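Tertiary structure, described
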Amino acid sequence: MKRFTYAIAACAFMIGCTGTVVSPETVSIIPEPSSVEMTEGAFRLTEKTQANFLYEAPELEYVASALEDITEAVFGQGVKMNLSSLDASHGINFILDENIPSEGYKLEVAAETIDIASSTAAGAFYALQTLRQLMTAEAFTAGDVKAVEIPAVRIEDAPLLGYRGTMLDVGRYFFPVEDVKCVLDIMAMHKMNTFHWHLTDDQGWRIEIDKYPKLTEVGSMRKRTIIGKDPNGEYDENTPFDNVPHGGFYTKEQIREVVEYAAERFITVIPEIEFPGHAVAALASYPWLSCTGEQYEVRQSWDIDDRVFCPGKETTFEFMEGVLAEVVEMFPSEYIHIGGDECPTKFWQKCPHCAKRMKEEGLKTYRQLQGYGIDRIEKFLEAHGRHMIGWDEILEAGVTPNSIVMSWRGTEGGIKAAKQGNRAIMAPSTYCYLDYYQSEDRENEPLAWGGHLPLEKVYSFNPFEGLSESEKDYILGVQGNLWTEYIPEIKQAQYMLLPRLAALCEVAWTSDRGGYDDFIERLPALEALYDAAGYQHRAR
Ligand code: ACM
Ligand code: ZN
């Protein structure tokens, strides 16, 4: 820091001086790497630095463009890419090392070279995210930078968990493509690799489906939105509605654009199409999907709605299969999320179609009826080469061994899943719900859904608690969830994500964490990068 100040001061007095030299003196990385060893000297990164790709691999071009993005942000133009050079004596060398775990990397900064070794392009990409932190925020904010003197260091690193997720709910508030890309950029910075896109809910259907155009013509728009807390829970004249129509949806082309943008950042996009609950926007579009066939409006307030898909009618399954056939075309992900949470059975209990289905299938309870519906969806997805993820309610109705359980009502669902041999993703509201308040001082926080999830609590999460060594293998990973009932725009979304996503990414990435105090010491450097990128984040 001192040398940086000195460099600027020196420039100010030198006639003809062009450009600032940024010389970071400390190394501060989140998520914490497996090992960091400082060595002697520094590498001088300039706009003329050469990048040598010493092997060929699919997706290496994404690494090249990530490096270009980083260097352009500093120097205003990309470093010279050399894709075939065998001259590894200077510059940034990308090296293949099959012994490094998938997504892991070795990063060695020396006076003449930066060697980045990995067995996958993803590993090289994560090395660049680390390199960006080694360069520090000053490199991105100083302006007129002529060199960044990156301190010599040897880093070895690999992730603890293969699934490192972030969920964005666009059903409650619609977030345009540019905002979704912003979330993906934030994820990449934190080495998160799975974007769970919650695309349908009571309050909005956000994905274009050719076979069912009314889903977006009707279901993507609500006529008003509750903007505060309802004083008596009655949704009457006292309820604070804004009386402003809200809506939006993604065309198929936009969906593909997002999937590609994510892939360039080594992020898989998993779509969620909610079934059988959280369905009012779909039911408003096609009334025959409900038990009663009534015409509903797209929902304008929050909470759980009794109006759900009718699993008694065969046409409901025709619809879901029609939708999912188009969804699997748009998303290459191994997993498709089908929701399955918070499904009241009030309408099923009065429905002749549901009664008939239960009799024919020998189903004794309404949860079994739900299980029947989920099972049919899963069979369809498996026939299309995909596995189904569902919220932990899917356990109540019984699941096949292929189902993946997303544990949100605590970790119990994930533990139960792992003990019975189902794979699970841990996203308990107690540690992972990033829509919860960040502080108990609610007056000074933006209105939120409720709950209390300070940074330290996120950091304290142990996704393996309560599991034996062999059961741990069933935990694919962890996920932070951003529900958006009270988050109408991207700046607020950033505020809710940051810096809590930094704590969660360390939970997901780092095998042997150094503890919260150590994390907090490293955080300001990352917060400075948030500022450099213009991201809103909660001050501590
Ligand atoms: C959920 O929060 N309803 C999954
Ligand atoms: Zn029914």
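Scope of this entry: the structure provided in the associated data block. Small disclaimer: the values here were computed from a predicted structure and weren't measured. Each residue is numbered by its place in its chain's sequence as written, counting from 1. Lettering of chains starts at A and numbering of ligands starts at 1, both following the order in which they are written. Reporting in this predicted model follows two pLDDT cut-offs: at least 70 for local features of residues, and 80 or more for side-chain atom pairs to be given and counted; totals over whole chains, interfaces and linings ignore these cut-offs and use all residues. The basis for every side-chain value is the complete set of heavy atoms in the structure, and neither hydrogens nor water enter the calculation.

**Thoughts on unusual backbone geometry**
Test applied: A run of H or I in DSSP becomes a helix once it reaches four residues, and a run of E becomes a strand once it reaches two; helices and strands are each numbered from the N terminus.
The peptide bond linking Phe275 to Pro276 adopts the cis configuration, its omega dihedral lying at -5°. Tracing the sequence through the fold places Pro276 in the loop between β15 (268-272) and α7 (280-285). Of note, the bond from Leu498 into Pro499 is cis; its omega dihedral lies within 30 degrees of zero at 10°. Secondary-structure assignment places Pro499 in the loop between α15 (490-497) and α16 (500-509). In the Ramachandran plot, Glu103 falls in the positive-phi region, its phi being about 75° despite a non-glycine side chain.

**Regarding the coordination of the zinc ion (ligand 2)**
Heads up, the condition is: Think of the donor list as every N, O and S atom within 2.8 Å of the metal, or within 3.2 Å for Na, K and Ca; water never makes the list, so a site can look incomplete. The rule is simple: four donors are tetrahedral if all their angles sit between 85 and 135 degrees, four are square planar and six octahedral if opposite donors span more than 155 degrees and the others lie between 65 and 115, and anything that fits none of that is irregular. Relative accessibility decides the category of a residue: with a 1.4 Å probe and only protein chains considered, values under 20% of the type maximum give buried, values over 50% give exposed, and everything between is partly exposed.
Summarising the metal site, the zinc ion (ligand 2) is bound by the protein donors Cys291 (SG), Cys310 (SG), Cys351 (SG) and Cys354 (SG), whose distances to it range over 2.2 to 2.4 Å. Coordination at the zinc ion (ligand 2) is tetrahedral, judged from the four donor atoms that bind it and the angles of 106 to 114° they form at the metal. When the donors of the zinc ion (ligand 2) are listed by position in the chain, the intervening gaps give C-x18-C-x40-C-x2-C. On the criterion of sequence distance, the pair formed by Cys291 in the loop between α7 and α8 (314-330) and Cys351 in the loop between β16 (335-337) and α9 (352-361) is long-range, its members being 60 residues apart. By the burial criterion, Cys291 is buried, and Cys351 matches it.

**With respect to the environment of Arg154**
Under the convention used in this document: In this analysis, two residues are considered to be in contact whenever any of their non-hydrogen atoms come within 4.5 Å of each other. In the analysis that follows, any N or O atom pair within 3.5 Å is treated as a polar contact, provided that within protein one partner can donate a hydrogen and the other can accept it, and provided that, for residues neighboring in sequence, both atoms belong to side chains.
Here Arg154 is to be found in strand β8 (residues 145-157). Sequence separation between Arg154 and Glu108 is 46 residues, and the spatial gap between their C-alpha atoms is 4.4 Å. Residues in contact with Arg154, not counting those within four places in the same chain, are Ser35, Val36, Glu37, Thr39, Leu107 and Glu108. Within the structure, the side chain of Arg154 is placed 3.2 Å from the side chain of Glu108, a separation counted as a polar contact.

**Some words on the pattern of salt bridges**
Our working definition: Each salt bridge in this description consists of a side-chain nitrogen of Lys or Arg and a carboxyl oxygen of Asp or Glu lying within 4 Å of one another.
On inspection of all chains with the given rule, the structure shows 31 salt bridges. Across the salt bridge formed by Asp201 and Arg172, the nearest N and O atoms sit 3.5 Å from each other. Here Asp201 is found in strand β11 (residues 200-201), whereas its partner Arg172 is found in the loop between β9 (163-169) and α4 (177-189), with 29 residues between them in sequence. The class for Asp201 is buried, based on a relative accessible area of 1%. The salt bridge involving Arg265 is made with Glu264; its shortest N-O contact spans 3.4 Å.

**So, the packing of helix α6 (residues 252-263) against α8**
Put simply, the rule is: Working convention: axes come from line fits to C-alpha atoms, limited for helices to the stretch in contact. Angles between N-to-C directions cover 0 to 180 degrees. Working definition: roughly parallel below 35 degrees, roughly antiparallel above 145 degrees, roughly perpendicular at 65 to 115 degrees, and oblique for all remaining angles. Following the grouping adopted for this structure description, the nonpolar residues are Ala, Val, Leu, Ile, Met, Phe, Trp, Tyr, Cys and Pro, the charged ones are Asp, Glu, Lys and Arg, and the polar ones are all others, Gly among them.
For the pair α6 and α8, the least separation of the axes is 10 Å and the interaxial angle reads 40°. It follows that α6 is oblique to α8 by the angle criterion. Contacts from Lys252, Ile255, Arg256 and Val259 in α6 reach Glu326, Glu329 and Met330 in α8. The class makeup of the residues in the contact of α6 with α8 is three nonpolar, no polar and four charged.

**Remarks on the packing of aromatic side chains**
Quick note on the threshold: Aromatic rings from Phe, Tyr and Trp, with only the six-membered ring used for Trp, were paired whenever their centres fell within 6.5 Å, and each pair was classed as stacked if the ring planes differed by under 30 degrees, edge-to-face if by over 60, and tilted otherwise. A ring has a charge above it when a Lys NZ or an Arg CZ is no more than 6 Å from the ring centre and no more than 35 degrees off the ring normal.
All told, the structure shown has 31 aromatic pairs when counted by the stated rule. Ring geometry for Tyr286 against Phe319: centres 6.3 Å apart, planes inclined by 55°, an arrangement best described as tilted. Residue Tyr286 is located in the loop between α7 and α8, and its partner Phe319 is located in helix α8; the two are separated by 33 residues in the primary sequence. Exposure remark for Phe319: the relative accessible area of 0% places this residue in the buried category. Put simply, the rings of Trp205, Tyr212, Phe275, Tyr286, Trp288, Phe309, Phe317, Phe319 and Tyr372 touch in pairs and so form one group of aromatic residues. Taking NZ or CZ as reference, Arg222 lies 5.2 Å from the ring centre of Tyr173, over its face. A cation sits over an aromatic face here: Lys457 above Tyr431, 4.9 Å from the ring centre.

**Description of the side chain of Thr49**
Within the secondary structure, Thr49 sits in the loop between β2 (35-45) and β3 (50-53). Those residues within four positions of Thr49 in sequence are excluded, and the remaining contacts are Phe43, Arg44, Val79, Lys80, Gly91 and Ile92.

**Re the pairing of strand β6 (residues 105-109)**
Here is the rule we go by: Pairing between strands is defined by DSSP: at least two bridges between them are needed.
Residues of β6 alternate between two faces, with Tyr105, Leu107 and Val109 buried on one and Lys106 and Glu108 left unburied on the opposite face. As defined by bridge partners, β6 adjoins β8 across five bridges and the pair is classed as antiparallel. Its bridge partner lying in β8, Leu107 is registered against Ile155. Sheet topology note: the β6/strand β7 (residues 113-118) ladder contains four bridges and is antiparallel. Paired with Val109 across the strands is Ile114, a residue of β7. The loop that links β6 with its antiparallel partner β7 comprises three residues.

Shape is all these values report; function is a separate question.
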